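Structural overview for review
Below, each chain spelled out in residue letters.
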Amino acid sequence: MIESNYLKVLFYSYLKNNDKLFQSVNFLGKKYNFIWDYVNQQNAWICDSLWKKLGFLNHESDDLNWKNILEFPENVKWKLDQLSIDTVFETLIYFKNTEGNLVETKVELLCLFEEDKLSKVIGYFDKDDFSIGNESTFLLEKKDKFDFISENISDGIYVVENDKLVFASSVYLNMIGFTLEEKLANYEKNKFHLIHPDDLEYVRNSIYNAAELKKSSTKYTYRCRHKDGHYIWREDIMNIHYNETGYPFRAVTITRDVTKEKQEEIEEASRLNQVKYQNEILVNLYSNVIEGDLNKKIDYVVELAAKGLNIDRASFWVLKKDHLECESLYDSNGFMTTIVPNLNVRDIPKYLASFSNQNALIADDVYDNEHTSDLIDYYLKPLQITDLLDIPVRENGKLFGLLCCEHRQDERVWKEYEITFARAIADYIHLILEEDKRKKIEIDLTENQKMFQFLSENTSDGIVVFEGGVVSYVSLAFEKLSGYSQEFVLGKNADQIFDFVHPDDLPRLKETIYESIEKKLSKISYEYRFKGTNNEYYWREDAATILYKDDGTYSKYIILSRDITNRKNTEQELIESERQLRLITENTSDGVAVIEEGKLTYVSPSFLKLLGYKKEDYKVFTMQDIFANMHPDDVEGVIKTVYGNLAQQKSEFKYEHRFKGNDGIFYWREDSANVIYDKETGKYTKYIVVTRDISKRKEEEKERNRLHRITEKQNEKLVNFTHIVSHDIRSHTSNLSMILDLFEDTTNPEEQKEYFSMLKQSTNKLSDTIYYLNETVSIQSGIKNERSKLNLFTKIQNSIIGINAIIKSSNAKIIKNVPKDIEIIGTQSYIESIVFNLLTNAIKYKHPDRNPVIKIDAVRVGEEVILTISDNGIGIDLSKNKEKLFGMYKTFHGNEDAVGLGLFMVKNHIESMGGRIEVESEVNKGTSFKIYFI
Amino acid sequence: MSKKIGLTYIIDDDKIFVFVLKKLLEKNGSFENVVEFNNGEEVIQNICKPDQQRPNLILLDINMPLIDGWQFLDLLETYSCKDKHNVFIMTSSIDINDIKRAKNYTTVKDFISKPINNEKLVEIIEKVKL
């Protein structure tokens, strides 16, 4: 107390001596003050008005622990520690009020120094600096205001602090029907005790999640149990307050009874649901065909009526001569099998009368309705029916039956949409009755079946019914199909409808319809263009069923309408393309054939011309026949190409092949195939082949290739020949020039003599070379090529005689096996030269260890004659020499007398006669030449 | 003209050419020892034998029986001693394809077209790596 007093004294002395402080407190009204001893930090003094401001009305002494209410934030302390001289600065500090809440305030701190050390801190501020934005500041002066508001608004308010209910407004208590004490007691036990079990988790989550996320408020709607047990809908907005550690210590909740709104909302939702469900039922009904006989259909529809209206009972009654008979009954309680007694017409006059002038009997309360009074004893009471909605089904204007929709116990008001639904169901019953009647009338059952299939497969078919000359019914599907609303179409007469028909189709359409009606046809169909909402015409196919009255006029004209625009367009395209195709196929020289299912289904006139077969021939052609008539060399390639492409579903491909014509000759053709495939199976459905005779082209191609090959060969020969000429002549001339150089350089007569002899040798060799070259040119240009028929045996015999001397001197043995009757076409001198060359070679290159044995064989193979001359000589290493064997000036053995021209000449001779030569040889074993003559 | 070629091989089947070439080599005076072969076979069989004296220069014809010039060069390529040889092709061919082909062989130092004269021999001597 003394300590605090010394600070109070100090404060006032500072106040007197410090102009700024004095001004602030006295003139600026900053009368909330405190002083803190910075040296002895446990000491502080807080002025009375500040205590009061914080709610401590009756604090009795200054020795109250000031630290409980005043708190210097860390950043302020840090700032103070940094000071070095007297300073004033503004900062935020916190007070704690009586409620334990933190109050934030802006304060000016005057920091005083003594002996260079911070000694005292004086704080001063005015009441406006208290942060009053936070409504939770339960400062005393505000409490009244809060109480006033909370008790006077229509919304209930309650406050929970640290899990205790600290306040509950009377409006809130009224809402839940508890007294404050009861509520408190209950709250102690379970704070969620009023929440509907189904909503409990949702509410808890809303609150705890909000607290978790430090949200300042959360809103949730739930069912709350009133004290008397019934549930009310409540919408709560909970404001959550957090202390400095983030702990949610208080919740101020504003609550509102939203039962009425909620009920309306639920009702609207259930209404929408029901309407949606009803629409689904109707759409289903009108777009599908129900299987089974009439009774089953009615049973089905009656059940749908009960389900669509969410009622206990629905039934369909038929008016007989003197009673109403229940044809079909659905009862959710399982009374379906119960036999319902007939109602005598005489007993229920009021009830029946009610249908004479209205389209529905709507009774929200059957016991208080004039029209249903007849039924009470006979029917309603025993079945505990409370509500009733009955719709008449008429035929030709007369009451035929009744669709009865009934509900038990719970009173209900029939809504407009429910009545509409019931009417639609009744309409449908009417439709199926009509249908049934029409079905019975119709003899052609299969046709009917088809139509039903047609109907069932095409749920998009719209239904339009004409009655009494105007449209009496339009299905939803039709609305979708045409784009015109039901309201728009309903009531239109035939002529008004005809306005929508394309002018080109109208006369035909009218004729069809009126003639059919005149002839009393019950079923017709027609196609026409119908103007859509966008003024474009759409193709439509109507299947109409016409029911007639006894007087011959139609009673009902039921149209099943479908959009066939796509089909029509495709048809049109097809007609167009078919027309074009015909034009092309009939006028082109290329043949066109169509293969379907492995058969030729179409052949164009030009196709017939191509190979000379008749149309009838082709018609019986199978694929096997087709392939069998192809050239054996081509058929495999064609099959590969065709089936390969078909497997890949290629739509276009080409191939060439030879096909046997009717005359047995193969013709070259080029086929361009165009294939159409089945999208589902992937198999081809149409194989259109455009075929062209390319025999001429092929012939030309062949000839061109042949000429090309010849030219190539000749060019090659020419290049070779040029090289040979240049090389061989050069080798001699270079020798000659070198010898002449040497000759000139010397005066020695002996040497000169030697060079002269060399000159002579070289010159001789040059003239030999030129002779052989000339010979080659002659052979190749065919100058000496005078062909005649020659006997091979004789020619060989002559050749052997010609070299008899050599044969004898070399001890050679010749084994001849040549038939005497073989004749060849050739040039005599060439054949002699060939045989001569080969025989002398065989002797020349004999094996040093043995005498030569030469075998000569000749045989005719087909069109060729093969002459074989083999020896047992030294052989030629073909791996090294095959390339140059038949070249000019090639010798392989380094023999003195080898001139290197023999085989070159042999090859030239044979080739000039159109034949060829082959060689086989093995070193040290022998060589075998095979000469092929044509 | 101080450079001397110790051992020269002539591989050519044209006897007249070989006779004339030997005369030219003799007259030139730089070729100390000249040995002739009428095809490449014997040479290629012995050329890498250690006991055989290595020729300092090989004058090689292309068109020959048994093993021709190209075959000889192909075989020589497979020999470990190939880099030690100075091969000069001497041919009457002036075919550009032959000249191009000769360049593929590292052993071939030059392609000399016949006829041969002393100037060409002097060039060869210069190019020989001893």
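Before reading further, recall that the structure is shown in the block above.
Here we summarise the structure given alongside this text. As the structure is a prediction and not an experimental result, all values here were calculated from the model.

So, the overall build of chain B
Counting its regular elements, chain B contains five helices and five strands. Listed N to C, the secondary structure of chain B is β-α-β-α-β-α-β-α-β-α in terms of helices and strands. Put simply, chain B has 130 residues, and 53% of those count as buried. Here chain B has roughly 6,100 Å² of accessible surface; of this, 47% comes from carbon and sulfur atoms.

A few points about the packing of aromatic side chains
The geometry of an aromatic ring pair is captured by two quantities: the separation of the ring centres and the angle between the planes. Counting across every chain of the model gives 31 aromatic pairs over all chains. Relative to tyrosine 172 of chain A, the ring of tyrosine 158 of chain A lies with its centre 4.5 Å away and its plane at 25°, an arrangement referred to as stacked. Here tyrosine 158 of chain A is found in strand β7 (residues 156–161), whereas its partner tyrosine 172 of chain A is found in helix α6 (residues 170–176), with 14 residues between them in sequence. Aromatic pair tyrosine 613 of chain A and phenylalanine 621 of chain A: ring centres 5.6 Å apart, planes at 65°, arrangement edge-to-face. A single burial state applies to tyrosine 613 of chain A and to phenylalanine 621 of chain A, both of which are buried. Within the aromatic cluster, the residues linked to one another by ring pairs are Tyr484, Phe488, Phe500, Tyr526, Tyr528 and Phe530 of chain A. Over the ring of phenylalanine 488 of chain A we find lysine 492 of chain A, and its NZ or CZ is 4.0 Å from the ring centre. Over the aromatic face of phenylalanine 17 of chain B sits the side chain of lysine 114 of chain B, whose NZ or CZ is 3.9 Å from the ring centroid.

A look at the sheet that holds strand β1 (residues 32–37) of chain A
Residue and element names in this part refer to chain A. Strand order in the open sheet made by the six strands is β2-β1-β6-β5-β4-β3, with antiparallel pairing throughout. A strand with exactly one partner marks an edge of an open sheet, and here the two such strands are β2 (44–46) and β3 (70–71). Pairing of strand β4 (residues 87–96) with strand β5 (residues 102–114), which is carried by ten bridges, proceeds in the antiparallel orientation. Each residue of the ladder has a partner; that of isoleucine 93, found in β5, is threonine 105. Along the sheet face, helix α2 (residues 19–27) touches β1, β4, β5 and β6 (117–125) and points at about 20° away from the line of β6. Packed onto the sheet, helix α4 (residues 74–82) meets β1, β4, β5 and β6 and runs at close to 150° relative to β4.

Looking at the sheet that holds strand β2 (residues 31–37) of chain B
Sheets are built from strands paired through backbone hydrogen bonds, the pairs being either parallel or antiparallel. All names here are of chain B. Pairing is parallel in the open sheet, where five strands are placed in the order β2-β1-β3-β4-β5. The open sheet is flanked by β2 and β5 (108–113), the only strands paired with a single partner. Averaged over all pairs of adjacent strands, the angle between their axes in this sheet comes to 20°, without regard to strand direction. Where strand β1 (residues 5–11) lies against strand β3 (residues 57–60), four bridges are found, and the strand directions are parallel. Considered in β3, the bridge of tyrosine 9 is made with isoleucine 58.

A look at the pairing of β4 of chain A
Two elements, β3 of chain A and β4 of chain A, share two bridges in a ladder whose sense is antiparallel. For glutamate 71 of chain A, the partnering residue across the bridge sits in β4 of chain A and is tyrosine 94 of chain A.

Describing the pairing of β3 of chain B
Taken residue by residue, a regular strand's side chains alternate between the two faces of the sheet. Residue and element names in this part refer to chain B. Burial of the side chains of β3 extends over both faces: Leu57 and Leu59 are buried on one face and Ile58 and Leu60 on the other. Bridge count between β3 and strand β4 (residues 87–91): three bridges; the pairing is parallel. Bridging across to β4, leucine 60 finds its partner in isoleucine 89. Viewed along the sheet, the connection from β3 through helix α3 (residues 69–77) into β4 turns out right-handed.

Concerning a nonpolar patch on the surface
On the surface, Phe22, Phe27 and Leu28 of chain A cluster together into a nonpolar patch covering about 340 Å² of accessible area. Along the chain, phenylalanine 27 of chain A falls in helix α2.

Conventions we followed
Residues numbered from 1 in each chain as written. Chains lettered and ligands numbered in written order. Predicted model: local features only at pLDDT ≥ 70, side-chain atom pairs only at ≥ 80, totals over all residues. Heavy atoms only, no water. Helix = DSSP H or I, 4+ residues; strand = E, 2+ residues; numbered from the N terminus. Buried < 20%, exposed > 50% of the residue type's maximum accessible area, 1.4 Å probe, protein only. Areas by Shrake-Rupley, 256 points an atom, 1.4 Å probe, with all protein chains shown as cover. Phe/Tyr/Trp six-rings, centres within 6.5 Å; stacked < 30°, edge-to-face > 60°. Lys NZ or Arg CZ within 6 Å of the ring centre and 35° of its normal. Pairing = 2+ DSSP bridges. Contact = heavy atoms within 4.5 Å. Axes fitted to C-alpha atoms, helices over the stretch in contact; angles between N-to-C directions. Right-handed = clockwise from strand over helix to strand, strands pointing away. Patch = residues over 30% accessible without salt bridge, like charges linked within 9 Å, V, L, I, M, F, W, Y side chains within 5 Å. Salt bridge = Lys/Arg side-chain N within 4 Å of Asp/Glu carboxyl O.

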